[in-house]
Amino acid sequence: VDSNMVTPLWKHLVSIKNPTLALVGLPFYVCAFSMFDLQVRFLLQYWSGKKDFPSKANMLKEEAEELENRKKEGLGKKHFHMMGFKQGHYYDDLANTAGITPLPPVLTKLHNESSTRFLDDLVHYRESRYKIIDDYNFIQL
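No experiment lies behind these values; they were computed from the predicted model shown. Each chain has its residues counted from 1, following the order in which its sequence is written. Where local features are concerned, this predicted model is filtered to residues with pLDDT of at least 70; where side-chain atom pairs are given and counted, the filter is 80 or more; whole-chain, interface and lining totals use all residues. As a rule here, side-chain values come from all non-hydrogen atoms in the structure, and water together with hydrogens is ignored.

Take the packing of helix α3 (residues 87-98) against helix α4 (residues 105-120) next. For helices, the axis comes from a line fit to the C-alpha atoms of the stretch in contact; other axes are also lines fit to C-alpha atoms, and the angle between any two N-to-C directions lies between 0 and 180 degrees. Helix numbering and strand numbering both begin at the N terminus, where a helix is a DSSP run of H or I of at least 4 residues and a strand a DSSP run of E of at least 2. It is at 9 Å that the axes of α3 and α4 come closest, and there the two elements cross at 160°. With respect to each other, α3 and α4 are oriented roughly antiparallel. With respect to the hand of their crossing, α3 and α4 are arranged in right-handed fashion. From α3, Gln 87, Gly 88 and Tyr 91 reach across to α4, where they touch Thr 108, His 111 and Asn 112. Broken down by class, the residue content of the contact of α3 with α4 amounts to one nonpolar, five polar and no charged. Any angle between 65 and 115 degrees counts as roughly perpendicular, while under 35 counts as roughly parallel, over 145 as roughly antiparallel, and the rest as oblique. Each crossing gets its handedness from the near helix: less than a right angle anticlockwise from the far helix is left-handed, clockwise is right-handed. Note on contacts: a residue pair qualifies if any of its non-hydrogen atoms lie within 4.5 Å across the two residues. Classification used: nonpolar for Ala, Val, Leu, Ile, Met, Phe, Trp, Tyr, Cys and Pro, charged for Asp, Glu, Lys and Arg, polar for all others including Gly.

For the rest of this paragraph, the subject is unusual backbone geometry. Cis peptide bonds are those with omega within 30 degrees of zero, and the linkage from Thr 7 to Pro 8 qualifies with 0°. Within the fold, Pro 8 resides in the segment before β1 (9-10). The phi dihedral of Ser 3 falls on the positive side, at around 55°, and the residue is not glycine. Along the chain, the position of Ser 3 falls in the segment before β1.

Shown next, in the form of structure tokens:
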């Protein structure tokens, strides 16, 4: 761990040095249980032999590129595993890389809405109620 960044990890999940080790649930400010499910389904594609891991050099390169991109956004190593409003991109990347069914976008949209409500009205945000209409839409009740 370097300044709260667990490294070297591929996709914030798989140990690059020992790909039989994974840390499910490391990213934060996410729709947690949905992410856990997606991460495990991602891992199973590789651990079952359906997919092959990229070379260690490629995994390290990916991690370094992401760190550099986060630095350009003003984020340091301390916030490397923070997803927040970018969690949907992380989920899509996992699903596309492993060739698995992605999470319905409505889950990310709803989580982001709840996070915004949290920031705007800390005292009352938990009183909000929502109904999921389909894989893409929800309404506030």
